[in-house]
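# Commentary on secondary and tertiary structure
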Amino acid sequence: MSSHNESILREPLITGKNITYAKVTDDILLPVENKPNKAWWIGFIVAALGAMLWVVSVGYTFWTGIGAWGLNKTVGWAWDITDFVWWVGIGHAGTLISAVLLLFRQNWRNSINRSAEAMTIFAVICAATYVVAHMGRPWLAYWIFPLPNQFGSLWVNFNSPLVWDAFAISTYFTVSLVFWYCGLLPDIASVRDRATGLKQKIYGVLSFGWNGSVKTWQRFEIVSLILAGISTPLVLSVHTIVSMDFATSVIPGWHTTIFPPYFVAGAIFSGFAMVQTLLLILRKVMNFEDYITMFHIESMNKIIMTTGSIVGIAYLTELFVAWYSGSEYEMYAFANRVAGPYAWAYWAMMTCNVISPQLFWFKKIRTSIPISWILSIVVNIGMWFERFVIIVTSLHRDYLPSSWAMFYPTWTDVGIFVGSIGLFFTLFLLFLRFLPGIAIAEVKLLLKSASLQQKTKLAQEGAFPAEQVEHFANSLDKYDSVTQEDINALKQK
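Residues numbered from 1 in each chain as written. Predicted model: local features only at pLDDT ≥ 70, side-chain atom pairs only at ≥ 80, totals over all residues. Heavy atoms only, no water.

## A look at the overall build of the chain
Filter applied, for reference: Put simply, DSSP H or I for four residues or longer makes a helix, DSSP E for two residues or longer makes a strand, and each gets a number counted from the N terminus. Only C-alpha atoms enter the radius of gyration; for comparison, a globular chain is expected to reach 2.2 Å times N to the power 0.38, where N is the number of residues. Residue contacts are defined here by distance: any two heavy atoms, one from each residue, within 4.5 Å place the two residues in contact. In this count, Lys and Arg are taken as positive residues and Asp and Glu as negative ones, while His and the chain termini are left out. For this purpose, a charge sits on NZ of Lys, CZ of Arg, CG of Asp or CD of Glu.
Regarding its fold elements, the chain presents 19 helices and 0 strands. Computed over C-alpha atoms, the radius of gyration of the chain comes to 24 Å, within 12% of the 23 Å expected from 2.2 N^0.38 for 493 residues, which places it in the range of a compact globule. Once the C-alpha set of the chain is aligned to its principal axes, its extents read approximately 80 × 55 × 40 Å. Considering only contacts within the chain whose residues lie at least 6 apart along the sequence, 81% involve residues at least 24 apart. Charge centroids of the chain, computed over 33 positive and 30 negative side chains, lie 7 Å from each other.

## A look at the packing of aromatic side chains
We count it as follows: Two rings belonging to Phe, Tyr or Trp (six-membered ring only in the last case) form a pair when the distance between their centres is within 6.5 Å. Interplanar angles under 30 degrees mark stacking, angles over 60 mark edge-to-face geometry, and anything in between is tilted. Whether a residue is buried, partly exposed or exposed follows from its accessible area with a 1.4 Å probe, protein chains only, as a fraction of its type maximum: under 20%, in between, or over 50%, in that order. By definition, being over a ring means that NZ of Lys or CZ of Arg is both within 6 Å of the ring centre and within 35 degrees of the ring normal.
In the structure shown here, the tally under the stated rule is 39 aromatic pairs. Ring geometry for Trp 40 against Trp 41: centres 5.0 Å apart, planes inclined by 85°, an arrangement best described as edge-to-face. Assessed through its relative accessible area of 41%, Trp 41 is described here as partly exposed. Between the aromatic rings of Phe 428 and Phe 431, the centroid separation amounts to 5.8 Å while the plane-to-plane angle is 50°, which identifies the pairing as tilted. Highlighted residues: Phe 428 and Phe 431, both in helix α15 (residues 411-434), separated by 3 residues, approximately one helical turn. On the accessibility criterion, Phe 431 (4% relative accessible area) is buried. Seen from the ring of Phe 334, Arg 337 lies directly overhead, with NZ or CZ sitting 4.6 Å from the centre. Between Arg 433 and the ring centre of Phe 434, over which it is positioned, the NZ or CZ distance is 5.4 Å.

## Notes on the nonpolar core
Here is the rule: What we call a nonpolar core is a set of buried Ala, Val, Leu, Ile, Met, Phe, Trp, Tyr and Cys residues that are connected through their side-chain atoms within 4.5 Å.
Counting residues in hydrophobic clusters, the biggest one holds 116 residues, and the most contacted among them are Trp 87, Phe 246, Phe 272 and Phe 424. The element contributing the most residues to this core is helix α9 (residues 259-285), with 14 residues. Apart from residues no more than four positions distant in its own chain, Trp 87 is found in contact with Ala 123, Cys 126, Ala 127, Tyr 130, Ser 420, Ile 421 and Phe 424. Residues Leu 280, Phe 472, Val 482 and Leu 490 belong to the second largest nonpolar core, which totals 16 residues.

## Details of the environment of Ile 241
Tracing the sequence through the fold places Ile 241 in helix α8 (residues 214-247). Through-space distance from the C-alpha of Ile 241 to that of Pro 260 is 7.4 Å; in sequence the pair is 19 residues apart. Not counting chain neighbours up to four residues away, the residues in contact with Ile 241 comprise Pro 161, Trp 164, Asp 165 and Ala 168.

## With respect to a nonpolar patch on the surface
Short version of the rule: For patch building, the residue pool is restricted to those with more than 30% relative accessible area and no salt bridge; the joining distance is 9 Å between like charges and 5 Å between nonpolar side chains (Val, Leu, Ile, Met, Phe, Trp, Tyr). In these tables, accessible area is a Shrake-Rupley quantity obtained with a 1.4 Å probe, and a residue counts as shielded only by the protein chains included in the view. Any Lys or Arg side-chain nitrogen found within 4 Å of a carboxyl oxygen on Asp or Glu counts as a salt bridge.
Where nonpolar side chains cluster on the molecular surface, the patch consists of Ile 281, Trp 373, Ile 374, Ile 377 and Ile 381 and spans about 400 Å² of accessible area. As for its position among the elements, Ile 281 is in helix α9. Of the residues examined, Ile 281 reaches a relative accessible area of 36% and is grouped as partly exposed.

## Details of the pattern of salt bridges
Under the defined criterion, the tally for this structure stands at 13 salt bridges. We note a salt bridge from Lys 478 to Glu 11, for which the minimum N-O separation is 2.8 Å. In this pair, Lys 478 sits in the loop between α18 (466-475) and α19 (484-490) while Glu 11 sits in the segment before α1 (21-33), placing the two residues 467 residues apart along the sequence. Both residues of the pair, Lys 478 and Glu 11, belong to the buried class. Several salt bridges share partner residues, and in doing so they unite Glu 11, Glu 298, Arg 366 and Lys 478 into one network.

Below, the structure is given as structure tokens:
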């Protein structure tokens, strides 16, 4: 375990009193080892009802065909692809937190990476369901992969970005799943060692024989770094390839080179917003305030603010390029977005994605839990509108005015989308019920260096200058998990 003295100018990543290695394990495994509380059951029942709606809506689609959706000859892509891109984007934050921040040695990821990685996997599962449903013949879904000659002269078109999608997302899902599960192994072993009977046997199988030896830990660290190195390019490549579904076409409003970086920034933007939405509920319901602190919340809000600003610049760049291009079709495509029949969706997007994140420049707002939670939801509403605006407004008025049409969603469109949210939360709540929502082993690494308890002890021993201790004490005012008594203890010698 790391035991170096971290600068007291750094804000603590763990708060609370009398925190020991045993207490960390007890606190994090409490939801796993005990019966779920009332809040979990309420959330699970609501989510399960949503998942049932998804089953009914998808079943109806498979039975009647995709004519059950609001698509028409002009708008061939609409809510389905909108929701697909939205879910893929949400899945980006998990890999960025687990892989990129690990390579950059950002210790504040230790408390939030596990839930973010789980969110990634469940979001990609939800996205994949749209791909299969949109095929119309889901029993032939395997046709998107290169097949042996025994299947006849069937071979995918490697020039199609839709085929690139299949490879990118399946690779992303596989690597994310392996990364997530490898990180779980020491914590599953902790559950195994504390369980009895059948539960012990199940977790024993799931732990893959983890024994906690030095050699095992060395291999664990090496594998984590290798997987982080493999995952990091995927953060950029996956949504870049998704953006090429549009950018490689000749449709006005789609045919632009700005889409890859614009989509990646938007994916990180929406992904962190969803992580914020989930973790603010998680820390309250599971009593994890000492491990998911105000520092984590503020750091994520800063990333949301930064990526939101990048997305805002991309929106303005799109408008400028459309004007500067001199193409009447491009100019009309964007004029139609701004002032056409779907202008309400465009301005909802601009309000949610450009204006709302700028509120995080104010410290009072980015350290307010209720406002942070509301804004994180607003951001993901805005990102859904972004995908809707890009897809529907670019298609509903094309080169031929006689083919112009409006898109109106059916109950099946709405049911699949709302149901996919229910499916996502059902999977996430089941994950919290049976597996640790925070990485126990990684939080323990911070206990002797980045915890308030350790910094208080060193401050009382006179290890830091008085002015630094005073600065540190003042920074704790924003922490909802720190009392005035804790702050006063810092100044005692």
